[in-house]
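Chain by chain, the residues:
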Amino acid sequence: MAGRTKLLETLGDLERESFVALLWKLIGESKHVQNNPPELIPEENRVVKHLLDVLLPFSTTTGGGPLLLNHVTYSPGRGNLIVEYPGTVPGKILSFVGCHMDVVTANPDHWDFDPFSLSIDGDKLRGRGTTDCLGHVALVTQLMKKLGETNPNLNSTVVAVFIANEENSAITGVGVDALVKDGLLNKLKDGPLFWIDTADKQPCVGTGGMIPWKLHVTGRLFHSGLAHKAINALELAMDALKEIQLRFYRDFPPHPQEQVYGFATPSTMKPTQWSYPGGGINQIPGECTISGDVRLTPFYNVNDVMKKLQEYVEDINRNIEKLESRGPVSKYVLPDENIRERLTISFDEALSGVACDLNSRGFHVLCKATEEVVGHVKPYSITGSLPLIRELQEEGFDVQTSGYGLMATYHAENEYCLFSDMSQGYRVFARIISQLED
């Protein structure tokens, strides 16, 4: 206990001046690390440069300290940074991963302040990336700097991994996926891995999978005054989608584990976009496309769902005459002309959800640290998706997730975080390290 108290005193609290100075530089790069290819490809090395400026003086590279720095780049200008503070016991390790150096896009015309420069309003630190995730990048950098500066005698090795390319999966082989493939994170499997990229200061123990889908409907375009000659693609899309949704909710109902993990919603399938080629008010449209997504709790398999959705569509096509319609001439077959409707469903890249191990040492340590610092602990789950971490879990990593930004400003206009929340995050990290010394 005395050793733990001494370690907490050594690590102290988050130093506001140093943290804000680094965050100011990182938010100043946020315009150049927006991730929306092909138009916007981030240059994460612009962020890495500032991290190295902070950490190099306490590294073996300069001889100024114990930190081991590994700048790993798979694409020009797009680096990752692995920072290691060596412990004394072989195989005893913990890691903070997931702090990504790219951000989602921001349109300055829609913000009340400049998204690409840090502004301060009392406790609020404002700008694109303050919550997601440059604020966490600065926070974990300050933790590693303090370890390098004070050089405490630890049993555990502490590793921080700052990654490229989290916000978009159009380009792969750049970030954590490549680090895992090359075995650069293998030793992190020996201890808990804390993925620092959520919000609201509580453990996030479950996330949802996502299946983006498009339902394309082909009917027959005709004059609206001769409705018996048309197959109305809009009506057909609505009726077919209703049937598909009913079958989805029958086959993938609320799962008992969702209550254990505290999911706010069960798995859902819903439309979010509608498009058709256009036409006059007196034309019954002959085709349209409805797009949407499935949000799937991690207790179901995304491949099983996609297979089922395809089966639903094929069955509806075979039995279109049985599909409920909307009136005497709202029909989906024209037998005299040998014309039938046609539904097709397609999918973009799917993501799997994650259920963290509620029995792991990492989970219990995170909960205890959170309760000590924040005053209470209430793990939660959402059907929002976090890319990459399911793959880490399947590779054998004990992944736990948390974050100290604000869910209300995540990916939003006028993004900000609170210094007081980030300061609590620093203290949680310090307590995680101290607990794992036992």
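Reading the values: rules and limits
Residues numbered from 1 in each chain as written. Predicted model: local features only at pLDDT ≥ 70, side-chain atom pairs only at ≥ 80, totals over all residues. Heavy atoms only, no water. Helix = DSSP H or I, 4+ residues; strand = E, 2+ residues; numbered from the N terminus. Buried < 20%, exposed > 50% of the residue type's maximum accessible area, 1.4 Å probe, protein only. Lys, Arg positive; Asp, Glu negative; His and termini not counted. Charge placed at Lys NZ, Arg CZ, Asp CG, Glu CD. Pairing = 2+ DSSP bridges. Core = buried A, V, L, I, M, F, W, Y, C linked by side-chain atoms within 4.5 Å. Contact = heavy atoms within 4.5 Å. Phe/Tyr/Trp six-rings, centres within 6.5 Å; stacked < 30°, edge-to-face > 60°. Expected span 1.5 Å × (residues − 1). Arc of directions from axis to C-beta. Axes fitted to C-alpha atoms, helices over the stretch in contact; angles between N-to-C directions. UniProt positions renumbered as here; feature names shortened; annotations may be inferred. Patch = residues over 30% accessible without salt bridge, like charges linked within 9 Å, V, L, I, M, F, W, Y side chains within 5 Å. Areas by Shrake-Rupley, 256 points an atom, 1.4 Å probe, with all protein chains shown as cover. Salt bridge = Lys/Arg side-chain N within 4 Å of Asp/Glu carboxyl O. Parallel < 35°, antiparallel > 145°, perpendicular 65-115°, else oblique. Left-handed = near helix turned anticlockwise from the far one by under 90°. Nonpolar A, V, L, I, M, F, W, Y, C, P; charged D, E, K, R; others polar.

1. Comments concerning the overall build of the protein chain
Phase 1: Along the protein chain, the regular secondary structure elements total eleven helices and 20 strands.
Phase 2: Within the protein chain, the proportion of its 438 residues that are buried is 55%.
Phase 3: Side chains of the protein chain give 40 positive and 55 negative charges; the mean places of these two sets differ by 2 Å.

2. Focus on the pairing of strand E8 (residues 204–207)
Phase 1: Both E8 and strand E18 (residues 380–381) contribute to a ladder of two bridges, which runs parallel. Following the sheet pairing, glycine 206 is matched in E18 by serine 381.
Phase 2: Bridge count for E8 against strand E17 (residues 354–355) is two bridges, and the pairing is antiparallel. By the bridge assignment for E17, glycine 206 is matched with alanine 355.

3. So, the nonpolar core
Phase 1: Membership of the largest hydrophobic core comes to 61 residues, with the highest contact counts inside it found for Phe19, Phe96, Phe162 and Ile432.
Phase 2: Beyond its immediate stretch of four places on either side in the chain, phenylalanine 96 contacts Val140, Leu143, Val158, Val159, Ala160, Val161, Phe194, Ile196, Phe429, Ile432 and Ile433.
Phase 3: Counting residues in hydrophobic clusters, the runner-up holds 33 residues, among them Leu215, Leu236, Met269 and Val313.

4. Some points on the packing of aromatic side chains
Phase 1: Inspection of every chain in the model, using the stated rule, returns ten aromatic pairs.
Phase 2: Note on phenylalanine 248 and tyrosine 249: the rings are 5.1 Å apart at their centroids and 80° apart in plane angle, and the pair reads as edge-to-face.
Phase 3: The class of phenylalanine 248 is buried, set by a relative accessible area of 0%.
Phase 4: Residue classification places tyrosine 249 among the partly exposed positions, given a relative accessible area of 36%.
Phase 5: Centre to centre, the rings of phenylalanine 263 and phenylalanine 299 are 6.0 Å apart; their planes meet at 85°, and the pair counts as edge-to-face. Of the two residues, phenylalanine 263 is situated in the loop between helix H7 (256–261) and strand E11 (268–275) and phenylalanine 299 in the loop between strand E13 (287–296) and helix H8 (302–318); the sequence distance between them amounts to 36 residues.

5. Thoughts on H8
Phase 1: Compared with the 24 Å implied by 1.5 Å per residue over 17 residues, the 25 Å span of H8 between its first and last C-alpha is a close match.
Phase 2: All of the buried residues along H8 are Val302, Val305, Met306, Leu309, Tyr312, Val313, Ile316 and Asn317. Relative to the axis of H8, the buried residues are bounded by an arc of 130° and lie together on one face. Every exposed residue of H8 that faces more than 90 degrees away from the buried side is listed here: Lys307 and Arg318.
Phase 3: Those residues of H8 that are buried are in contact with strand E9 (209–218), helix H6 (233–251), E11, E13, strand E15 (339–340) and strand E16 (342–347).

6. Points about the sheet that holds E9
Phase 1: Spatially, E11-E13-E9-E16 is the arrangement adopted by the four strands of the open sheet, whose pairing is antiparallel. On the outer flanks of this sheet lie E11 and E16, each paired with one strand and no other. Across the sheet, the mean angle from the axis of one strand to that of its neighbour is 25°, orientation sign disregarded.
Phase 2: In this fold H6 packs onto E9, E11, E13 and E16, with an angle of close to 165° to the strand it touches most, E11.
Phase 3: Against the sheet, H8 makes contact with E9, E11, E13 and E16, and its axis sits at roughly 170° relative to E16, the strand it touches most.

7. Quick notes on the environment of glycine 127
Phase 1: On the secondary structure map, glycine 127 appears in the loop between strand E5 (124–126) and helix H4 (134–150).
Phase 2: Given the relative accessible area of 0%, glycine 127 is considered buried.
Phase 3: Sequence-wise, glycine 127 and glutamate 413 are 286 residues apart; in three dimensions their C-alpha atoms are separated by 9.1 Å.

8. Describing the UniProt feature "domain: Peptidase M20 dimerisation" (unreviewed entry) in the protein chain
Phase 1: Cross-referencing UniProt, the feature "domain: Peptidase M20 dimerisation" (unreviewed entry) maps to residues 206–319 in the present numbering.
Phase 2: When the span residues 206–319 is considered, its composition is 37% helix and 30% strand, and the gap between its end C-alpha atoms is 39 Å.

9. Looking at a negative patch on the surface
Phase 1: A cluster of acidic residues, Asp177, Glu349, Glu391 and Glu395, forms a negative patch at the surface.
Phase 2: On the accessibility criterion, aspartate 177 (32% relative accessible area) is partly exposed.

10. Details of the sheet that holds E5
Phase 1: Strand order in the open sheet formed by three strands is E4-E5-E20, and the pairing between neighbours is antiparallel. In this open sheet, the two edge strands, each paired with only one partner strand, are strand E4 (119–121) and strand E20 (416–418). Ignoring which end each strand starts from, the neighbouring axes of this sheet average 25° apart.
Phase 2: Of the strand pairs in this sheet, E4 and E5 are connected by three bridges, and their pairing is antiparallel. Each bridged residue has a counterpart across the sheet, and for serine 119 the counterpart in E5 is arginine 126.
Phase 3: Taken strand by strand, helix H2 (residues 16–28) contacts E4 and E5, and its axis lies near 20° from that of E5.
Phase 4: Packed onto the sheet, helix H11 (residues 419–435) meets E5 and E20 and runs at close to 60° relative to E20.

11. Structural notes on the packing of helix H3 (residues 45–55) against H4
Between two packed helices, the angle of one axis relative to the other and the distance separating the axes together describe the packing.
Phase 1: For the pair H3 and H4, interaxial distance at closest approach is 10 Å and the crossing angle is 20°. By the angle between their directions, the pair H3 and H4 is classed as roughly parallel. Crossing angle aside, the handedness with which H3 passes H4 is right-handed. Within the contact between the two elements, H3 uses Val47, Leu51, Val54 and Leu55 and H4 uses Leu134, Val137, Thr141, Met144 and Lys145.
Phase 2: Considering only residue class, the contact of H3 with H4 consists of seven nonpolar, one polar and one charged.

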